[in-house]
Amino acid sequence: MSRTIEANFFPQAFEGIKDKPSILIVDDNHDFTRAAKLALEKSGRYFVSEENDATKAHQTAQSLKPDLILLDIAIPETDGGEVVARIQSDPHCTEHRLSF
């Protein structure tokens, strides 16, 4: 006998994320990004992601397509200006209005 089991892997709270503006915080200081993420999410108005590796920031922005990116310009390995240039030149990242 076979049975079909339905599972909801995304909690209902996840559904509300689609309606919220998304913010990506890029900084090499994990403590800062974590504190900023928690403070912004506490308002209940934003979906916030954090990235602590500047070399991955472009890829993260490409997959998340955030509405706003808060970016540290003095990142040790990669200059913040380079990250901005990569993101702005990628049509997959800038399909909609993106602010830095």
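Residues numbered from 1 in each chain as written. Predicted model: local features only at pLDDT ≥ 70, side-chain atom pairs only at ≥ 80, totals over all residues. Heavy atoms only, no water.

Description of helix α4 (residues 80-89)
Turning to step 1, where the next piece is worked out: If you check which residues of α4 are buried, you get Gly 80, Val 83, Val 84 and Ile 87. Relative to the axis of α4, the buried residues are bounded by an arc of 100 degrees and lie together on one face. (Buried < 20%, exposed > 50% of the residue type's maximum accessible area, 1.4 Å probe, protein only. Helix = DSSP H or I, 4+ residues; strand = E, 2+ residues; numbered from the N terminus. Arc of directions from axis to C-beta.)

Structural notes on the sheet that holds strand β3 (residues 68-71)
Turning to step 1, where the next piece is worked out: The three strands are arranged β2-β1-β3 in an open sheet whose pairing can be described as parallel. Sheet topology places β2 (47-51) and β3 at the edges, where each strand pairs with a single neighbour. Across the sheet, the axes of successive neighbouring strands diverge by a mean angle of 20 degrees, strand direction being ignored.
Turning to step 2, where the next piece is worked out: Two elements, strand β1 (residues 22-26) and β3, share four bridges in a ladder whose sense is parallel. Counterpart to Ile 23 in the pairing with β3 is Leu 68.
Turning to step 3, where the next piece is worked out: Its contacts with the sheet put helix α2 (residues 30-42) on β1, β2 and β3, and the angle it makes with β2 is roughly 175 degrees. (Pairing = 2+ DSSP bridges. Axes fitted to C-alpha atoms, helices over the stretch in contact; angles between N-to-C directions. Contact = heavy atoms within 4.5 Å.)

Points about α2
Turning to step 1, where the next piece is worked out: Along its 13 residues, α2 runs 18 Å from first to last C-alpha, staying within 8% of the 18 Å computed at 1.5 Å per residue.
Turning to step 2, where the next piece is worked out: Elements that come into contact with the buried residues of α2 comprise β1 and β2.
Turning to step 3, where the next piece is worked out: A side-chain oxygen of the first residue of α2 lies 3.0 Å from the backbone nitrogen of Asp 31; this N-cap is Asn 29.
Turning to step 4, where the next piece is worked out: Directly after α2, the chain includes Gly 44, whose backbone phi takes a positive value near 80 degrees. (Expected span 1.5 Å × (residues − 1). Polar contact = N/O pair within 3.5 Å; in protein donor to acceptor, adjacent residues only side chain to side chain.)

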